[in-house]
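One letter stands for each residue in the lines below.
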Amino acid sequence: GGVESYMAFDDVEYVEECPLVRKLQSGNLPNIDVIGTKSFAIRDSIMILSTTHRDSLWVFLSLPGYQKIASGLKLGGGPDEFVGAPSVANNTKFYNKDGALFAYLFDGQKGKLMDYDVTNTLNTGDMSLRLIKDSLSNSIFSIVPINDSLIMLRGIAKNATALDRTVLDLTTNSKYPVMSKLNDATIEPGEDINILSAIIKHNPANDIVVEMPIGLNYINMYTLNGELCKTICVGKKMLSLEKVQRKMRWDRPYTFADLRLFQNFWGVLLLNETELSFQTIRKNKPSVLLFDWDGYPLANLKLDDNATSFDINFASGELITFDHQTELFKTYLIGEILGEM
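Since the model is a prediction, treat every value here as computed from it, not as a measurement.

A. Looking closely at the overall build of the protein. A tally of regular secondary structure across the protein gives five helices and 24 strands. By the compact-globule yardstick of 20 Å for 341 residues, the protein fits well, its C-alpha radius of gyration being 20 Å. In terms of its C-alpha atoms, the protein occupies a principal-axis envelope of roughly 60 × 50 × 40 Å. Going through the 341 residues of the protein one by one, you find that 55% of them count as buried. Considering only intrachain contacts with a sequence separation of at least 6, the fraction spanning at least 24 residues in the protein is 50%. Within the protein, one finds 33 positive and 42 negative side-chain charges whose respective centroids are separated by 4 Å.

Here you go:
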């Protein structure tokens, strides 16, 4: 018995079905020849891969042909090098400024947040990194740049029983009470802090933050000013933190794997596995669930193959997926579905 607790807001909407459900037919294997790919993202007509190559942590391919056009970012101890390779998918935020593409990059090992001029690498092959903030605590799990002066941090708190969100304001210090409800989520001492793990992203156009807990069955959406704060539960009933902790480690859910934000909607990759099935033989084929910016479901795209991440190439109307266990990409044509949405 006892009170069940959740890392969620009071306003919960339950999504049991989507207005549009489509089974996507076997995707094509695009000809992407980069060994050691870890994650990918699409920006305009470029695909960016994070890789295991020490001297080219990021590789840039042109779309639609996937030709390699440039590479950048190095592993190492130098001032412009990274101890921890930045993922293109998480803890990185791309933005456009004056017609150029930039990315905020975080090196957790060094506690450094950098601003990277991607377009400069594409045009000249040179690296162009600017330090925004250093000496960030190494207890920080994730970093969500809001803009040049606001950075949301999420780090270990309460003797490793909680993960606390704070906003670092490089100009002034302000509190954001909207996050305290989520920060109250606590696990038992000695438990696995990853129960509270989430991928967190911020959408500058409407100032909305989306948080996708990896092992819970709901997603949180909010604005920093607290005008919007809602939880979207995928299913009939929310999974409480107590219920997860009562399960054996291997039986714990691995619900979601990826979160991507787009102009008119956002999406998550639903795995519906357990820790054990994900590591051994996956039981379910994943789905991409798409939601509008009010948090209402738009579509459930059922994939016919395993994937751990996805992105959309709007120019070609393709959903592109990547599975880091097999290192295989697949493409699915979804132009018509996007039209119907």
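B. Layout of unusual backbone geometry. Between L63 and P64 the backbone carries a cis peptide bond, its omega angle lying at 5°. In this structure, P64 sits in the loop between β5 (58–62) and β6 (67–72).

C. Up close: the sheet that holds strand β20 (residues 287–292). With mixed pairing, the five strands of this open sheet are ordered in space as β2-β21-β20-β19-β18. With partners counted over all chains shown, the strands left at the sheet margins are β2 (21–23) and β18 (253–261), one partner each. Strand-to-strand twist across the sheet, computed as the mean angle between neighbouring axes with direction ignored, equals 20°. As defined by bridge partners, β2 adjoins strand β21 (residues 297–302) across three bridges and the pair is classed as parallel. Opposite V21, over in β21, you have N300 as the bridge partner.

D. Examining the side chain of S56 more closely. Here S56 lies in the loop between β4 (46–51) and β5. Setting aside anything within four residues of it in sequence, one finds S56 in contact with T51, S71, G72 and L73.

E. Up close: the sheet that holds β5. Reading across the sheet, the four strands line up as β3-β4-β5-β6 and stay open at both edges, with antiparallel pairing between neighbours. Strands with a single pairing partner mark the edges of an open sheet, and in this sheet they are β3 (37–43) and β6. On average, each strand axis in the sheet is tilted by 25° relative to the strand beside it, whichever way the strands run.

Thresholds, definitions, all that
- Residues numbered from 1 in each chain as written.
- Predicted model: local features only at pLDDT ≥ 70, side-chain atom pairs only at ≥ 80, totals over all residues.
- Heavy atoms only, no water.
- Helix = DSSP H or I, 4+ residues; strand = E, 2+ residues; numbered from the N terminus.
- Rg over C-alpha atoms; globule rule 2.2 N^0.38 Å.
- Buried < 20%, exposed > 50% of the residue type's maximum accessible area, 1.4 Å probe, protein only.
- Contact = heavy atoms within 4.5 Å.
- Lys, Arg positive; Asp, Glu negative; His and termini not counted.
- Charge placed at Lys NZ, Arg CZ, Asp CG, Glu CD.
- Pairing = 2+ DSSP bridges.
- Axes fitted to C-alpha atoms, helices over the stretch in contact; angles between N-to-C directions.

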